[in-house]
Amino acid sequence: MKKYILKFGVLIFLTVFAFSSCTEKFEEINTDPDRAKDAPATNVLAFVLRYYSSTFHDAWADMNEPSTYAGHLTKIQYIDEARYNFRPGTVENNWYYGYILLNNINEIKKKATTDGADNLLGVAKVLESMIVQTMSDRWRDIPYSDAIKLGEGILLPTYDTQEEIYPALLDVLAEANNLLATPAATDQIGEGDMIFAGDVLKWQKLANSLRLRIAMRISGVAAQTARPVVETILGNPAANPIMESNDDNAMFVWQGTSPYEEPWFTDSKSRDDHGMADVLVNELLALDDPRLPVYAVPATDDGQYKGFTIGAVAQPSLSSVSRIGLRFRKDPAGFSPMMRYPEVMFCVAEASKLGWTTGTTAQEAYEAGVTASLEENGVAQADIDAYLLGGGAFADDLDQIYLQQWIALFKQGMEAWSLYRRTGIPTTNYVAPGSFFPGHNSPPFRYPYPANEGTLNGANSKPFSDQVTDNFWGKQMWYDTRTGVN
């Protein structure tokens, strides 16, 4: 991977300069013969995958806030973010990172369209959908249909509501599925594919798995849109394949040498700010869940697994808190997860429980999801069997499906937070006692908009920013149907 990034990293910002010439040889003498004028699309893909993994899955975009809002992690030093005292610069960066990625994906789309490269175009649409979905889950209503259109003269993009964005993404992913299924498509995705090594079928499975995620997320507010999508996918797996095992997991696996080390590991080299949240540890203890020793390290003061308060008023005794498990925190060649097979099966289990046609039962899908999550975390088969008869035994209950999905989403803070906002599971999650915004009874609904949006795109952003309360609350996500929360 390192050779790709060193080779490709400088090639992705494509800018055309138009200067008046003061000499007939101006263009010649101002051309660097050693610098490529145009990056191959697969090179841009390599950048997108690495940049996404390093900016959407690091301490700033995941550990400090989404993973604490979701109830997975807590801050044990420099607790401010878990108390909702955000850093404006971090919010700005997260916003810009998303649109930098979308700009580069747009370059891939243009090149793929010009070259008739259906496979690469399908991959680009998958990545676009995944990034836009995450950004919408972070801010709710964002520029989408008008975004990335500077070349068309759109300097100040209008905002799309989440009610518009989610159905649009379902359409884009359906297009991606069709492109990736094109029999005549022979283009190679190329060396830049550092997720699936050019395996087109796995990209197609990711496209349809993301369709399931998005459809189930809006199942409570737009069943008339979601149900046909789910039943179409699961009713014709040959045309709409989904992830079938952990072998299909979409993970960016890091090289493991500086500067290409997994972001949670990189953070751990100089910081000790994060511990396990009491919410997650207590749930795992109550279930006698065999993932606990993988997710967490025992506290050093007594060798017990102990989570700490999320957004506490005061810092704990550091020896009294369990840290993040070695698989997730201490492996320089670790992974940044995009989507994993267990999540897919919990989506199927939920759809089955709702009575939708899925080709399986809620119990079969639930047990497949639990089993896959345990297998991914190295749990022995005998312990898996015992868990499915014990703490993880199927109870034919939607809340149990949600809880197991929430547990399996560890290291995917944005997805776990979105699941909590949609379902209210786990019910033991809570508002930070050290909150900088008293008077609320729920963790945040959303992120603040970047201050620069108000300055640079004020007319378009103001109607949406006016709906925000205390930076983090106000208008709930479209799919968040909880009542009595503020």
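None of these values were measured; they are calculated from a predicted model.

## Some thoughts on the overall build of the chain
Part 1: Within the chain, the regular secondary structure consists of 21 helices and 8 strands.
Part 2: Taking 486 residues into account, the globule formula puts the C-alpha radius of gyration at 23 Å, and the chain, at 23 Å, falls close to it.
Part 3: Looking at the chain residue by residue over its 486 residues, the buried ones come to 58%.
Part 4: Sequence separation of 24 or more characterises 78% of the internal contacts of the chain that already satisfy a separation of 6 or more.
Part 5: Between the mean site of the 40 positive side-chain charges and the mean site of the 61 negative ones, the chain shows a separation of 4 Å.

## Topic: the nonpolar core
Part 1: Counting 141 residues, the largest nonpolar core has Val126, Leu127, Trp203, Leu206, Met276, Tyr295 and Trp406 as the members making the most contacts within it.
Part 2: Looking at this core element by element, the count peaks at 11 residues for helix 7 (residues 118-139).

## Quick word on the pairing of strand 6 (residues 335-339)
Part 1: Taking burial as the measure, the 5 residues of strand 6 include 5 buried ones, the bulk of the element.
Part 2: Here strand 2 (residues 250-253) pairs with strand 6 via 4 bridges, running antiparallel. Each bridged residue has a counterpart across the sheet, and for methionine 251 the counterpart in strand 6 is proline 337.

## Here's the deal with the confidence of the model for the chain
Part 1: Mean pLDDT over the chain: 93, with 92% of residues reaching 70 or higher.
Part 2: Low pLDDT, under 50, characterises residues 1-31; the stretch is placed with 34 contacts to residues that sit more than four places away or in other chains.

## What to know about the packing of helix 3 (residues 41-56) against helix 6 (residues 88-115)
Part 1: In the contact formed by helix 3 and helix 6, the axes pass within 9 Å of each other and the chain directions differ by 160°. Looking at the two axes, helix 3 sits roughly antiparallel to helix 6. As for how helix 3 packs across helix 6, the hand of that crossing is left-handed. Counting all contacts with helix 3, which are made through Ala41, Val44, Leu45, Phe47, Val48, Tyr51, Tyr52, Thr55 and Phe56, the residues of helix 6 involved are Asn94, Tyr97, Gly98, Ile100, Leu101, Asn104, Ile105, Ile108 and Lys111.

## Details of the packing of aromatic side chains
Part 1: On inspection of all chains with the given rule, the structure shows 30 aromatic pairs.
Part 2: Aromatic side chains tyrosine 159 and tyrosine 449 sit 5.7 Å apart centroid to centroid with 75° between the ring planes, which places their arrangement in the edge-to-face category. Of the two residues, tyrosine 159 sits in the loop between helix 7 and helix 8 (162-180) while tyrosine 449 sits in the loop between helix 19 (413-423) and helix 20 (451-456), which places them 290 residues apart along the sequence.
Part 3: Note on tyrosine 449: relative accessible area 13%, which makes it buried.
Part 4: Taken together, a centroid distance of 6.3 Å and an interplanar angle of 65° make the contact between phenylalanine 346 and tyrosine 366 edge-to-face. Placement of the pair is phenylalanine 346 in helix 15 (residues 341-353) and tyrosine 366 in helix 16 (residues 362-376), with a sequence separation of 20 residues.
Part 5: The exposure class of phenylalanine 346 is buried, given its relative accessible area of 0%.

## So, helix 16
Part 1: Here helix 16 spans 21 Å end to end across 15 residues, near enough to the 21 Å set by a 1.5 Å rise per residue.
Part 2: Those residues of helix 16 lying buried are Ala362, Ala365, Tyr366, Gly369, Val370, Thr371, Ala372, Ser373, Leu374 and Glu376.
Part 3: Looking one or two places after helix 16, you find glycine 378, whose phi comes out positive at around 75°.

## Observations regarding the pattern of salt bridges
Part 1: Summed over all chains, the structure comprises 30 salt bridges.
Part 2: A salt bridge links arginine 87 to glutamate 81; the nearest nitrogen and oxygen atoms lie 3.0 Å apart.
Part 3: Overall, glutamate 81 belongs to the buried group, its relative accessible area being 2%.
Part 4: With a shortest N-O distance of 2.8 Å, glutamate 376 and arginine 340 are connected by a salt bridge. Of this pair, glutamate 376 sits in helix 16 while arginine 340 sits in the loop between strand 6 and helix 15, placing them 36 residues apart in sequence. In this pair, the class of glutamate 376 matches that of arginine 340, namely buried.
Part 5: By sharing partners, the salt bridges in this structure join Asp137, Arg213, Arg217, Glu343 and Glu415 into a single network.

## So, unusual backbone geometry
Part 1: Here the residue pair serine 258 and proline 259 is connected by a cis peptide bond, since its omega of 5° sits within 30 degrees of zero.
Part 2: Among the secondary structure elements, proline 259 is positioned in the loop between strand 2 and helix 11 (263-270).
Part 3: Backbone geometry places isoleucine 148, a non-glycine residue, at a positive phi of 60°.
Part 4: Note that isoleucine 148 resides in the loop between helix 7 and helix 8.
Part 5: Exposure remark for isoleucine 148: the relative accessible area of 25% places this residue in the partly exposed category.
Part 6: Phi is positive for aspartate 288, which is not a glycine, with a value near 50°.
Part 7: Checked against the element boundaries, aspartate 288 lands in the loop between helix 12 (278-287) and helix 13 (292-295).

## Remarks on a nonpolar patch on the surface
Part 1: A cluster of nonpolar side chains, namely Leu150, Leu155 and Leu156, defines an oily patch on the protein surface of about 350 Å² accessible area.
Part 2: Tracing the chain through its elements places leucine 150 in the loop between helix 7 and helix 8.
Part 3: By relative accessible area, leucine 150 is classed as exposed at 61%.

## Brief notes about the environment of aspartate 385
Part 1: Looking at the secondary structure, you find aspartate 385 in helix 17 (residues 381-389).
Part 2: Given a relative accessible area of 39%, aspartate 385 falls into the partly exposed group.
Part 3: With 17 residues separating them along the chain, aspartate 385 and alanine 368 place their C-alpha atoms 12 Å apart.

## Describing the environment of glycine 122
Part 1: By the element assignment, glycine 122 lies in helix 7.
Part 2: Relative accessible area serves as the criterion here: at 0%, glycine 122 is assigned to the buried category.
Part 3: Taking the C-alpha atoms as reference points, glycine 122 and glutamate 92, separated by 30 residues in sequence, lie 29 Å from one another.
Part 4: Beyond its immediate chain neighbours, meaning those up to four positions away, glycine 122 contacts Ala176, Leu179 and Leu180.

Conventions adopted
Residues numbered from 1 in each chain as written. Predicted model: local features only at pLDDT ≥ 70, side-chain atom pairs only at ≥ 80, totals over all residues. Heavy atoms only, no water. Helix = DSSP H or I, 4+ residues; strand = E, 2+ residues; numbered from the N terminus. Rg over C-alpha atoms; globule rule 2.2 N^0.38 Å. Buried < 20%, exposed > 50% of the residue type's maximum accessible area, 1.4 Å probe, protein only. Contact = heavy atoms within 4.5 Å. Lys, Arg positive; Asp, Glu negative; His and termini not counted. Charge placed at Lys NZ, Arg CZ, Asp CG, Glu CD. Core = buried A, V, L, I, M, F, W, Y, C linked by side-chain atoms within 4.5 Å. Pairing = 2+ DSSP bridges. pLDDT = per-residue confidence, 0-100. Axes fitted to C-alpha atoms, helices over the stretch in contact; angles between N-to-C directions. Parallel < 35°, antiparallel > 145°, perpendicular 65-115°, else oblique. Left-handed = near helix turned anticlockwise from the far one by under 90°. Phe/Tyr/Trp six-rings, centres within 6.5 Å; stacked < 30°, edge-to-face > 60°. Expected span 1.5 Å × (residues − 1). Salt bridge = Lys/Arg side-chain N within 4 Å of Asp/Glu carboxyl O. Patch = residues over 30% accessible without salt bridge, like charges linked within 9 Å, V, L, I, M, F, W, Y side chains within 5 Å. Areas by Shrake-Rupley, 256 points an atom, 1.4 Å probe, with all protein chains shown as cover.

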